[in-house]
Amino acid sequence: MYERCVGLAWCSGCRVYAANMVHIPRAQRLVDALATLPPEHRERLLRSETQLIEHLDKTRAWGV
Ligand SMILES: [Zn+2]
């Protein structure tokens, strides 16, 4: 029924960061925020959570 995913939350101002397990319904399509990146860049970001968050922060893809 559900896919288990890692949910990341952070505050750029305080540099506070948290990760937890979330359940996403299988029918729900998640947006790939890295879809437009060249493959090498994408792989580099996926290897480092710190770099990934910095990138998402800059592009404001997931700003709340
Ligand atoms: Zn804050």
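Residues numbered from 1 in each chain as written. Predicted model: local features only at pLDDT ≥ 70, side-chain atom pairs only at ≥ 80, totals over all residues. Heavy atoms only, no water.

K.L.:
I'd love a proper account of the packing of helix H1 (residues 39-47) against helix H2 (residues 49-59), names of residues and values included.
P.N.:
Packing of H1 against H2 leaves a shortest axis separation of 5 Å and a crossing angle of 120 degrees. Classified by the interaxial angle, the pair formed by H1 and H2 is oblique. Judged by residue contacts, His41, Arg44, Leu45 and Arg47 of H1 engage Glu49, Gln51, Leu52 and His55 from H2. When the residues that make up the contact of H1 with H2 are grouped by side-chain class, the tally is two nonpolar, three polar and three charged. (Axes fitted to C-alpha atoms, helices over the stretch in contact; angles between N-to-C directions. Helix = DSSP H or I, 4+ residues; strand = E, 2+ residues; numbered from the N terminus. Parallel < 35°, antiparallel > 145°, perpendicular 65-115°, else oblique. Contact = heavy atoms within 4.5 Å. Nonpolar A, V, L, I, M, F, W, Y, C, P; charged D, E, K, R; others polar.)

K.L.:
Give me the lowdown on the coordination of the zinc ion, citing residues and values where you can.
P.N.:
In the first shell of the zinc ion, the protein supplies Cys11 (SG) and Cys14 (SG), at 2.1 Å from the metal. A relative accessible area of 54% places Cys14 in the exposed class. (Donors = N, O, S within 2.8 Å, 3.2 Å for Na, K, Ca; no water. Buried < 20%, exposed > 50% of the residue type's maximum accessible area, 1.4 Å probe, protein only.)

K.L.:
So what about the pairing of strand E2 (residues 16-25)? Which residues, and what values?
P.N.:
A regular strand places its side chains on the two faces of the sheet in alternate fashion. Direction of pairing for strand E1 (residues 2-11) relative to E2: antiparallel, over a ladder of 10 bridges. The residue of E2 that forms the bridge with Tyr2 is Pro25. The hairpin formed by E1 and E2 contains four residues between the paired strands, and Arg15 there has a positive phi angle of roughly 60 degrees. (Pairing = 2+ DSSP bridges.)

K.L.:
Tell me what's going on with the confidence of the model for the protein chain, and back it up with residues and numbers.
P.N.:
For the protein chain, mean pLDDT is 86; residues scoring 70 or higher make up 92% of the total. Mean pLDDT values for the elements of the protein chain range from 86 in H2 up to 94 in H1. (pLDDT = per-residue confidence, 0-100.)

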